[in-house]
Structure formats: structure tokens, C-alpha cells
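Analysis of the macromolecular model
Read off the chains here:
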Amino acid sequence: MTATLDAPERVAVARPASVARGYRFELVKLVSQWRVRLLVLACWIAPGLFVAAVSQQSTLPVDTLFGRWMLATGWAGSLVILGFAGLYALPLLTSLVAGDVFAAEDRLGTWRHLLVAVRSPRRIFVAKVLASLTVIVVLVAGLAISSVVGGLLAVGNQPLVGLDGHLLSTGDAAGRVALAWLCVLAPTLALAGIGWLGSVLLGRSPMGLVLPALVAFALQLCQMLPLPVAVRLALPGYAFISWNGLFADPAQLSPLLIGIVVSLVWAVVSTALAYVVFLRRDFTSATLDGAGRRAILAGVLPLVGLVVASVVVIAVATPSLGSGINQDKVQRSVATAFAHLYRLQTGELNRPDVTEAQLGATAACNKGGGKLDPVGAGNDWRCVVSWHLPDTPAIGQAIYQLDLTPDGRYMADGDGPKEVNGYFLVHTPIGDAPNPLWQFDGNVDLLD
Amino acid sequence: MARLAVRAREITKCFGEVVALDGVDLDVAPGQIHGLVGPNGAGKTTLLGLLLGLAVADSGSLEILGTPIRRALDAPEGVAGFVDGPGLYPSLTARQNLAALVALRGPGAPTAGIDEVLDEVGLTDVADDRAGGFSLGMRQRLGLAAALLNKPRLLVLDEPANGLDPTGARHVHRVLTRLAADGTSIVLSSHRMDDVESLCSEVTILATGRVAFSGPLSKLAAENRELDYRVITSDPPKARAIAAGITGLALAGDEDVLVVRTLVPALDELVIQLVRDGIAIRELAPVVSPLEAAFLNLTDQQEDDR
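Model, not experiment: these values are computed from the prediction.

**Topic: the overall build of chain B**
Secondary structure summary: chain B contains 10 helices and 14 strands in total. Seen through its C-alpha atoms, chain B measures out along the principal axes to roughly 70 × 45 × 40 Å. The buried share of chain B, taken over its 306 residues, is 46%. Expressed as a percentage of contacts within chain B between residues at least 6 apart in sequence, the contacts between residues at least 24 apart total 70%.

**Here we look at the overall build of chain A**
Scanning chain A for helices and strands turns up 16 helices and 9 strands. Projecting the C-alpha coordinates of chain A onto the three principal axes gives extents of approximately 110 × 45 × 30 Å. Of the contacts made within chain A by residues no fewer than 6 positions apart, 72% connect residues no fewer than 24 positions apart.

**Looking at the domain arrangement of chain B**
Residue and element names in this part refer to chain B. Once the domains are mapped, chain B shows domain 1 (6–221) and domain 2 (225–305). Taking only C-alpha atoms into account, the centre of domain 1 sits 36 Å from that of domain 2. Listed as interface residues are 17 residues of domain 1 and, on the opposing side, 9 residues of domain 2. Elements represented by at least two residues in the side of domain 1 that touches domain 2 include exactly helix 6 (193–199), strand 9 (202–207), strand 10 (210–216) and helix 7 (217–223). In terms of residue count, helix 6 provides more of the side of domain 1 that touches domain 2 than any other element does, 4 residues in total.

**A closer look at the environment of B:Glu269**
By the element assignment, B:Glu269 lies in helix 9 (residues 264–276). The spatial distance from the C-alpha of B:Glu269 to the C-alpha of B:Leu73 is 55 Å, given a sequence separation of 196 residues.

**Section: the sheet that holds strand 5 (residues 67–68) of chain B**
Residues and elements named next belong to chain B. Read from one edge to the other, the open sheet built from 4 strands follows the order 2-1-4-5, with strand pairing classed as antiparallel. Edge positions in the sheet fall to strand 2 (18–28) and strand 5, since each has one partner strand and no second. The sheet contact formed by strand 1 (residues 6–15) and strand 2 spans 7 bridges and is antiparallel. Residue pairing in the sheet places Lys 13 in a bridge with Leu 21 of strand 2.

**With respect to the packing of helix 3 (residues 74–101) of chain A against helix 9 (residues 206–224) of chain A**
Residue and element names in this part refer to chain A. Packing of helix 3 against helix 9 leaves a shortest axis separation of 6 Å and a crossing angle of 155°. It follows that helix 3 is roughly antiparallel to helix 9 by the angle criterion. Handedness of the crossing formed by helix 3 with helix 9: right-handed. From helix 3, Leu 87, Pro 91, Leu 92, Thr 94, Ser 95, Ala 98, Gly 99 and Asp 100 reach across to helix 9, where they touch Gly 208, Leu 209, Val 210, Leu 211, Pro 212, Ala 213, Ala 216 and Gln 220. When the residues that make up the contact of helix 3 with helix 9 are grouped by side-chain class, the tally is 10 nonpolar, 5 polar and 1 charged.

**Structural notes on the nonpolar core**
Within the largest apolar cluster, 234 residues are counted, with the highest numbers of intra-cluster contacts made by A:Val184, A:Val334, A:Phe338, A:Val385 and B:Ala145. For A:Val334, the residues in contact, after removing those within four places along its chain, are A:Ala363, A:Cys365, A:Cys383, A:Val385, A:Tyr400, A:Ala412 and A:Gly442.

**Observations concerning the pairing of strand 6 (residues 409–414) of chain A**
All names here are of chain A. Here strand 6 shows one buried face, formed by Tyr 410, Ala 412 and Gly 414, and one open face, formed by Arg 409, Met 411 and Asp 413. As paired strands, strand 5 (residues 395–404) and strand 6 are joined by 5 bridges and run antiparallel to one another. Residue pairing in the sheet places Leu 402 in a bridge with Ala 412 of strand 6. What sits between strand 5 and strand 6 in their antiparallel hairpin is a turn of 4 residues, with Gly 408 showing a positive phi close to 100°. By the bridge criterion, 5 bridges tie strand 6 to strand 9 (residues 439–443) in an arrangement that is antiparallel. Of the residues in strand 9, the one forming a bridge with Ala 412 is Phe 440.

**Some remarks on the sheet that holds strand 14 (residues 281–286) of chain B**
All names here are of chain B. Across the sheet, 4 strands lie side by side as 12-13-11-14; this open sheet has antiparallel pairing. One side of each edge strand has no neighbouring strand; the edge strands of this open sheet are strand 12 (250–253) and strand 14. Across this sheet, the average inter-strand angle for adjacent strands is 25°, counted without regard to direction. Relative to strand 14, strand 11 (residues 227–233) runs antiparallel, the two sharing 5 bridges. Counterpart to Thr 233 in the pairing with strand 14 is Ile 281. Sheet contacts for helix 9: strand 11, strand 13 (258–262) and strand 14; angle to strand 13, the most-contacted strand, approximately 140°.

**Here we look at the domain arrangement of chain A**
Interface extent is often summarised as the accessible area lost during association of the parts. All names here are of chain A. Segmenting chain A into domains produces domain 1 (19–317) and domain 2 (327–443). Distance between the C-alpha centres of domain 1 and domain 2: 35 Å. With 18 residues of domain 1 in contact, the opposing surface of domain 2 contributes 16 residues.

**Details of the interface of chain B and chain A**
Facing 39 residues of chain B, the contacting portion of chain A comprises 36 residues. Listing elements by their share of the side of chain B that touches chain A, those giving two or more residues are helix 1 (44–52), helix 2 (94–105) and helix 5 (166–181) of chain B. Looking at which element gives the most residues to the side of chain B that touches chain A, the answer is helix 2 of chain B, with 5 residues.

**A short note on the packing of helix 6 (residues 121–154) of chain A against helix 12 (residues 253–280) of chain A**
Residue and element names in this part refer to chain A. The interhelical angle for the contact between helix 6 and helix 12, taken along N-to-C directions, is 145°, at an axis separation of 10 Å. Remark: the crossing between helix 6 and helix 12 carries right-handed chirality. In contact with Pro 121, Arg 122, Phe 125 and Val 129 of helix 6, helix 12 contributes Thr 271, Tyr 275, Phe 278 and Leu 279. The class makeup of the residues in the contact of helix 6 with helix 12 is 6 nonpolar, 1 polar and 1 charged.

**Quick look at the confidence of the model for chain A**
Of all residues in chain A, 95% attain a pLDDT of 70 or more, and the chain-wide mean is 90. In this model, residues 1–8 of chain A is a region of pLDDT below 50 whose contacts with residues beyond four sequence positions or in other chains number 20 contacts.

**Quick word on the pairing of strand 1 of chain B**
Residues and elements named next belong to chain B. Remark: 2 residues form the turn of the hairpin made by strand 1 and strand 2, two consecutive strands paired antiparallel; Gly 16 in that turn has positive phi of roughly 65°. Relative to strand 4 (residues 59–64), strand 1 is paired through 5 bridges, and the arrangement is antiparallel. Directly across from Ala 8, in strand 4, lies its bridge partner Leu 62.

**Regarding the environment of A:Ala248**
Examined against the element boundaries, A:Ala248 turns out to sit in the loop between helix 11 (239–242) and helix 12. A:Ala248 sits 136 residues away from A:Arg112 along the chain, and the two C-alpha atoms are 53 Å apart.

**Considering helix 1 of chain B**
All names here are of chain B. Across the 9 residues that make up helix 1, a large majority, 9, are buried. When helix 1 is considered as a whole, its buried residues turn out to be Lys 44, Thr 45, Thr 46, Leu 47, Leu 48, Gly 49, Leu 50, Leu 51 and Leu 52. In the segment just after helix 1, Gly 53 is the residue with positive phi, at about 85°.

**Focus: unusual backbone geometry**
Of note, the bond from A:Asp249 into A:Pro250 is cis; its omega dihedral lies within 30 degrees of zero at 0°. Position of A:Pro250 among the secondary structure elements: in the loop between helix 11 and helix 12. Backbone geometry places B:Leu65, a non-glycine residue, at a positive phi of 50°. For B:Leu65, the location among the structural elements is in the loop between strand 4 and strand 5.

About the cut-offs
Residues numbered from 1 in each chain as written. Chains lettered and ligands numbered in written order. Predicted model: local features only at pLDDT ≥ 70, side-chain atom pairs only at ≥ 80, totals over all residues. Helix = DSSP H or I, 4+ residues; strand = E, 2+ residues; numbered from the N terminus. Buried ≥ 20, exposed ≤ 12 C-beta atoms within 10 Å, placed from the backbone. Contact = placed C-beta atoms within 7 Å. Domains from an automatic or database assignment. Pairing = 2+ DSSP bridges. Axes fitted to C-alpha atoms, helices over the stretch in contact; angles between N-to-C directions. Parallel < 35°, antiparallel > 145°, perpendicular 65-115°, else oblique. Left-handed = near helix turned anticlockwise from the far one by under 90°. Nonpolar A, V, L, I, M, F, W, Y, C, P; charged D, E, K, R; others polar. Core = buried A, V, L, I, M, F, W, Y, C linked by C-beta atoms within 7 Å. pLDDT = per-residue confidence, 0-100.

Here is the structure:
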């Protein structure tokens with residue numbers, strides 16, 4: 001049975017598989033999973049169907065930003081989906097894809113097999129990251145494109161009312177909607193980085209799989225707390241909120257850019273940590289000993305350090321130690337939005353057009369009926385808006401109750417007079433239409 | 001002089017404070033099927049992992065197919081196999097699993113045909129079924145097929161017969177025997193002594209990270225101490241009486257089945273006397289195989305030494 005090799009043969013050195021081949025291999029594995037296929041299908045179909053269905057209803061999701069405009073323009077539906085995606089869909093998607101891409105090999109017991117086939121842990125890591133990133137981008141693109149298509153088909157391509165009440169042309173709306181979706185890729189990448197880190201650190205433990213979703217949930221909780229702006233901006237999920245600033249005029253870019261930079265830094269740092277931990281892993285040992293301690297040392301501590309460093313840098317570079325919400329900002333924001341929306345209402349009622357300058361709207365706001373210091377979030381803000389009525393020396397006044405959240409977003413609810421903001425609908429020459437001054441959403445720039 | 005497929009000298013490998021391999025020597029000739037046996041935790045999987053290049057030894061030297069291994073994942077072309085299961089992706093079909101591996105290796109690497117290896121391991125009929133629905137035995141065979149894709153010159157297999165039914169086991173044996181006949185060296189670990197005995201020409205017994213024995217099976221039998229043999233005869237009482245009179249024979253068993261513990265010379269003496277007295281020998285076989293007995297003896301002894 002035994003043969004001999006008398007003449008020494010040259011044995012070729014086995015070369016590692018290239019990153020491109022590893023990437024295709026990982027992509028094939030990911031796409032072959034029913035879970036991933038269902039996610040792709042859901043992301044490319046469900047948003048469009050949802051937007052189209054909601055746009056046919058009389059009851060709109062007014063609690064969600066831009067929800068009240070879903071009957072008016074097809075672009076609003078995509079922004080409603082974007083708001084929902086930042087809260088739930090994107091953290092869950094990144095959990096299921098990035099949080100599992102390394103852990104799956106632990107679960108299936110295929111690490112050794114993969115190492116023998118690829119012969120380079122570095123290339124395995126890069127291939128896995130790129131493949132899971134591709135799937136995540138495809139999912140996000142599906143959410144964006146599907147929701148836009150659903151909205152445009154169901155409602156149409158009309159101008160969009162911005163967060164300060166000004167009207168965005170259809171082209172401008174399209175550009176800003178696309179930009180908003182691009183912006184949320186940054187925090188999505190940060191969550192993906194956390195997912196890769198958890199997947200590498202925790203192996204087959206379910207904690208690795210759900211880590212991005214848990215982190216996103218914790219970040220959302222933090223955003224609901226009355227934290228200083230510097231802390232708020234230093235958290236990697238802030239860009240899930242700060243895209244709102246794109247829909248103001250001028251755009252509130254500072255919080256958005258800071259949020260994106262912080263998210264990208266988180267993405268890089270957590271991915272780098274995952275890379276280091278992955279390369280140090282001993283694949284000949286079947287068990288992951290000391291995973292809990294290692295998770296704290298290699299994962300939690302550096303990221304906590306990153307938060308602290310980010311807070312310090314942001315606090316030094318910007319005026320951001322307070323809540324970012326004060327009386328002057330609220331008054332300016334409410335007055336601006338009112339003036340824009342008043343023009344909109346004027347147009348609906350077929351009255352002669354007026355300009356914001358002619359209206360000269362101002363707002364006088366207080367908190368807690370004037371008994372509280374007018375700073376910070378709360379649902380006890382009350383504003384009296386005054387404006388010059390066109391062609392008369394009289395001053396018009398309207399009252400709004402504001403529910404202002406710590407991230408600067410508010411909903412202004414009209415509290416009279418009824419001719420201005422008392423009714424949900426206004427009678428126009430072509431029938432009833434939603435009254436833009438009845439309730440409106442706005443956004444206070446925390447770094448203004 | 002024939003170059004060895006595996007030449008390991010004084011290999012030591014530790015995981016923290018645990019010494020997995022302690023001064024292990026191993027020689028595997030080209031075309032040889034070499035068995036690796038030992039109790040759980042003996043270091044078999046670690047040694048197989050080193051042969052596959054998954055890790056590098058802490059000390060000692062290891063040459064695979066004439067290439068010194070100095071770094072992890074530095075094994076030369078022509079080394080294939082699996083440790084700790086065949087490592088397959090359940091969401092892919094058998095054919096897709098193999099096709100993905102072929103694509104991963106790239107166009108320049110020597111690769112056997114997918115249909116060819118599926119046929120060789122007897123999985124052609126289920127080639128387009130998802131591996132997730134395969135039995136353990138089918139997964140083992142698919143893992144073997146994946147290894148065969150590389151046209152291996154050294155095949156490293158961890159428990160290849162695990163989960164195989166007798167037909168599957170025979171199929172795998174045929175494949176391994178054919179590979180060895182073609183010059184492929186095979187190192188396999190197994191807890192099934194009958195597999196090792198029927199397949200392997202040489203065996204290495206590991207116990208607590210050390211080599212308790214390494215060499216041909218025949219040498220193992222010759223070096224071995226007393227074995228238990230079951231002797232079924234036409235006249236059990238008389239056979240028992242004869243056995244009792246032979247020096248170096250210990251008796252056991254019941255009235256119908258005689259079991260003797262002895263060395264080969266005393267067993268020969270018993271057979272001669274039974275035949276001389278006209279007693280028919282209907283069965284004479286070791287209660288446990290020589291390899292298993294040796295395995296138990298050697299490993300027990302090493303445990304005692306510790």
C-alpha cells in the first residue's frame with residue numbers, strides 16, 4: 001500500500017485566497033441564508049407598500065416627523081420610513097447581518113475549515129466586513145428606494161414642506177431625501193462596527209448577535225434624557241436624528257456633521273478593535289475562554305474612552321455644555337416656521353401672497369406659564385406668535401403649545417384663534433385642505 | 001531516500017498552562033495511512049491542527065511534504081482535511097459548498113472536479129440538496145469530498161468515520177485506501193479501533209500529550225502484554241481443565257465460554273494441546289483487539305506514571 005517518493009519534488013507554497021475571492025465566498029454564504037434573503041426582500045418591498053397604504057388613509061402618523069405631510073407629497077413617506085429605520089429597522093438589520101457574520105462560524109464550527117481554505121485571518125476579516133457591509137448597504141438602499149418609489153407612485157412628486165415651514169421644490173426635496181439617507185449610513189456603520197466587535201468577542205453567544213440593537217436602544221434612551229448637547233452629540237446614534245436639520249433653511253449642518261464624524265470614528269474604532277481581537281484569537285482552541293473579561297477589556301473600555309474623548313473635544317470646540325434649547329432659539333424657530341406656513345395657508349385660501357418680511361412674525365415664548373426658567377426640553381412651552389396682517393395696521397396673534405423634546409424637535413399645537421389655527425382643515429376654493437397652521441413640527445438647532 | 005510526508009520532532013504546544021503536546025515525534029511516509037489514537041484530551045486534535053497549519057508549535061520542528069513549517073497557516077499546497085468536523089455551510093447545497101471552495105482557491109490552484117469528488121464519496125444523488133439536511137455521516141463524506149478537491153498529498157482527517165453507517169464507512173475506507181495506493185499520505189484520528197486496524201499500517205498512540213507508542217501495528221501486537229482471548233470449543237469443561245494446566249495462562253469466563261489471559265506462546269501451547277486431545281476449536285479471538293488492548297494498557301500506564 002505504501003508508495004515512496006524517491007525523487008524530491010518541489011512543493012508549491014500554498015498562497016492565501018485573495019480578498020476579492022474571500023469577499024465573493026462570504027457574500028455567497030450570506031445570500032444563501034433565508035434570513036438574509038427575507039431581509040432583502042422585506043427592505044425592498046415593505047417600505048413602498050407601507051408608504052403607499054398609509055398615504056391612502058385619512059389618519060396619518062403625525063407623531064412621526066413628516067408624517068402629517070404624507071398626503072401632500074410622495075417625499076414625506078420616505079422620511080417617515082427614515083425616522084422609523086433609525087429607531088428600529090437599521091439597528092435590527094445590522095444586528096442580524098454584522099452581529100452574526102463572525103459568530104456564524106463559531107456556531108457552525110467552521111473556523112478551522114475557513115482558515116485552512118483562506119490561509120489568512122486578515123483576509124478573512126476584511127472579506128467578512130466587506131461582504132456584510134455590502135448586504136447592509138443593499139438593505140438600506142432598499143428601504144430608501146422602496147419608500148421613495150411607493151410615495152411617488154401613491155401620492156406624487158409634489159414639493160415638500162420643510163421643518164421650518166418653507167417649501168422645498170421637488171428637485172430640492174429629492175436631493176435632501178437622498179442626502180438624509182446617505183447621512184444615516186454613518187451611524188449604521190457605527191452599529192455595524194459594534195456588531196462586528198460583538199460578533200468577534202462573544203462568538204456563538206446570543207449577546208453578540210443582539211449587541212448593535214441593544215446599543216442602539218441604549219443610545220435612544222440617552223437621547224431622551226436631558227443630557228448636555230456635547231454628550232448628546234458624542235453618541236454615535238445622533239446622526240439618526242440630526243438629518244432633520246437638512247430640512248431647515250438654512251440647513252442645520254453643525255449637529256449633522258458632528259454626528260456623522262462621531263459615527264464614522266465609532267465605526268473605525270470598533271472595527272479596528274474587532275480586527276485586533278480577531279487576529280489575536282487562537283483558532284486551535286475550540287473554546288473562547290474568558291470572553292466576558294475580554295469583552296470588557298477589548299470592547300467596552302475603549303469605547304467608553306471614546307465617548308469621554310468625544311465629549312471633551314465637542315465641549316471645547318462648540319458651545320455645548322447646556323441643553324442647547326433656550327427662549328431665544330425657540331422664539332426664532334417658531335416665528336420662522338409660522339411665517340412660512342402662514343404663506344402656505346394664504347396660498348391654499350387663494351389670498352394675495354405675502355412675504356415673510358411683510359408678515360414680520362415674532363414669537364414670545366415662556367415655559368411653565370412663565371414660572372420656569374425658559375430653557376430646556378418640556379411640553380410646557382407656550383408661544384404667542386404676532387404678525388402684521390397684510391394691508392392693515394392690525395397685529396395678528398396666535399397661540400401655540402409646544403412639546404419640545406431634548407433633541408430639539410418640537411410639535412407646535414395651535415391653541416387659537418380658531419380662524420388661524422383652530423381647525424384641522426381649512427375651506428379652500430377647491431374644497432377642504434389640511435390647515436398647515438393647526439399643528440406643525442419644528443426643530444431647534446442645538447448648536448446655533 | 002524517500003522523503004517523509006510528515007516529519008515532526010520534539011513538538012511541544014501549550015495553551016496557557018495546559019501542555020497539549022509534549023515532545024511529540026511523528027513520521028508519516030508517503031502513501032501511508034497513519035492512525036492517531038488516544039483518549040480525549042490526549043492532544044490528537046492539536047496535532048492534527050498543526051499538520052493542517054492552523055497553528056505553529058511552541059518548540060520542536062515540523063516538516064510537511066518536505067517544507068519546514070515555521071508560521072501558522074504556512075502549510076504547503078497539497079495538504080487538506082478537517083479537524084473538529086467537516087466544516088460545511090448548511091444553507092448551501094453540497095455542490096454549492098464545493099463550488100464555493102473551488103472559487104475561493106482561484107483558477108491557478110490544482111483542483112479536482114466537483115462531480116468527480118461527489119461521485120467518489122457517493123453523494124452524487126444528493127449533490128443539489130442543502131447540507132443542512134444531511135446526516136452526520138453525509139456531512140463527513142462531504143467534508144472528505146471538500147478535502148479531495150485539493151488533490152491532497154497529505155490528508156488530515158479527524159474522526160472521518162464518525163456517524164457513518166457500515167456502508168458509508170466501507171465507502172470511505174475504499175476512498176482512503178485508493179488515495180493511499182496513489183501515494184497520498186493520510187493521518188487520521190479515530191476512537192474506533194476497528195477502523196484504525198483495518199485502515200492503518202502504522203499508528204501513534206497519544207496520552208496526555210505524549211507519544212505512548214508509534215510504529216507498525218504488528219510491532220504494537222508483538223510489544224503488547226497479555227491479551228484476553230475467547231476460546232469456544234466442542235468440550236468446554238475439558239478445555240478449561242487443559243488450560244488450567246498450562247503455565248502462564250489465567251482463566252476467566254463461564255462454563256460454556258473459556259476466556260484466557262495470556263501471551264501468544266502460552267496461547268499457542270493451549271491450541272496445540274486442545275487439538276492433540278481431539279477438542280474442536282470453534283472460535284478463538286481476542287476479547288478486545290490488540291490495538292485496543294494496547295491502547296488501554298499504554299494509556300493507563302501513562303496515567304499511572306503521572
